[in-house]
Amino acid sequence: HTLEMAAVVPRNFRLLEELEEGEKGGDPNGFVSWGLDSAQGDPIALEWWTGSIVGPNTPAHGDRFYQLSIHCGPDYPRAAPEVRFVNRVNLGRYVAADGRVQHLEWNQSMKMRDYLTAVRALMAGEFATRGSLARARPTESGSKRKFSTATNSWLRFRLFVLAAFAD
């Protein structure tokens, strides 16, 4: 028996790491972004954030730009951030009437990028058609985090199409 101990990173260190990642364009595909919302609360508290999602190319979302308000409470990352759509969006039971995202799984190893990417995957219908958002969370593969093969294939296709029309 070996005793495994996970290092617990203090909340503010974790949020500063996420801030830096967001400022550097943390999503390699460019479909989600996040940063501090200086219009709400004290920026030193690292509590209020803003996020954005480029909607998937589906009839319902048609490459629209969605803005989100993110609140990281005192229990973050042990507790999920509260995420609300600023724009109106219909994702059934996954978004409340007030725009609050609900019923997505969270664990403390996830980051805002993971959560926003899972919301975008939900918008694409990848997980809703399978009946459970349990599959929307990232999975570990060795030391590299990844989402479903369908998500990766879709993103590669989108990048190919964008590159083809950029020339």
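Residues numbered from 1 in each chain as written. Predicted model: local features only at pLDDT ≥ 70, side-chain atom pairs only at ≥ 80, totals over all residues. Heavy atoms only, no water.

K.L.:
Honestly, the nonpolar core in this entry has me stumped. Any pointers?
P.N.:
Most often, soluble globular proteins keep nonpolar side chains buried together rather than apart. Formed by 28 residues in total, the largest nonpolar core has its most connected members in Trp49, Ile53, Phe85, Leu91, Met112 and Val119. At the level of elements, α1 (11-23), β1 (32-36), β2 (48-54), β3 (65-71), β4 (82-85) and α2 (112-124) are the ones that each hand at least two residues to this core. Sorting elements by how many residues they give to this core places α2 first, with six residues. (Core = buried A, V, L, I, M, F, W, Y, C linked by side-chain atoms within 4.5 Å. Buried < 20%, exposed > 50% of the residue type's maximum accessible area, 1.4 Å probe, protein only. Helix = DSSP H or I, 4+ residues; strand = E, 2+ residues; numbered from the N terminus.)

K.L.:
In this structure, what is going on with the pairing of β3? I would like to understand it.
P.N.:
The buried fraction of β3 amounts to five of the seven residues, a majority that puts the element mostly inside the structure. Relative to β3, β2 runs antiparallel, the two being bridged by seven bridges. Looking at β3, one finds that Gly51 is bridged to Leu68. Pairing geometry for β3 and β4, over four bridges, is antiparallel. Residue pairing for β4: Ser69 is matched across the bridge by Arg84. (Pairing = 2+ DSSP bridges.)

K.L.:
What is the right way to read the packing of aromatic side chains from this model?
P.N.:
The way to describe two aromatic rings as a pair is by their centre distance and the angle between their planes. The full count for this structure, using the stated rule, is three aromatic pairs. Seen from their ring centres, Tyr66 and Phe85 are 6.0 Å apart, and the 85° between their planes marks the pair as edge-to-face. Taken together, the positions of Tyr66 in strand β3 and Phe85 in strand β4 put the pair 19 residues apart, joining distant regions of the chain. Geometrically, the ring pair formed by Tyr76 and Trp106 is tilted, given 5.7 Å between the ring centres and 40° between the ring planes. You can see Tyr76 sitting in the loop between β3 and β4 and its partner Trp106 sitting in the loop between β4 and α2, a full 30 residues away along the chain. When its relative accessible area of 1% is taken as the criterion, Tyr76 is described as buried. What makes Trp106 buried here is its relative accessible area of 17%. Among the aromatic residues, those joined into a ring-pair cluster are Tyr76, Trp106 and Tyr115. Lying across the ring of Phe31, Arg120 places its NZ or CZ 4.0 Å from the centre. (Phe/Tyr/Trp six-rings, centres within 6.5 Å; stacked < 30°, edge-to-face > 60°. Lys NZ or Arg CZ within 6 Å of the ring centre and 35° of its normal.)

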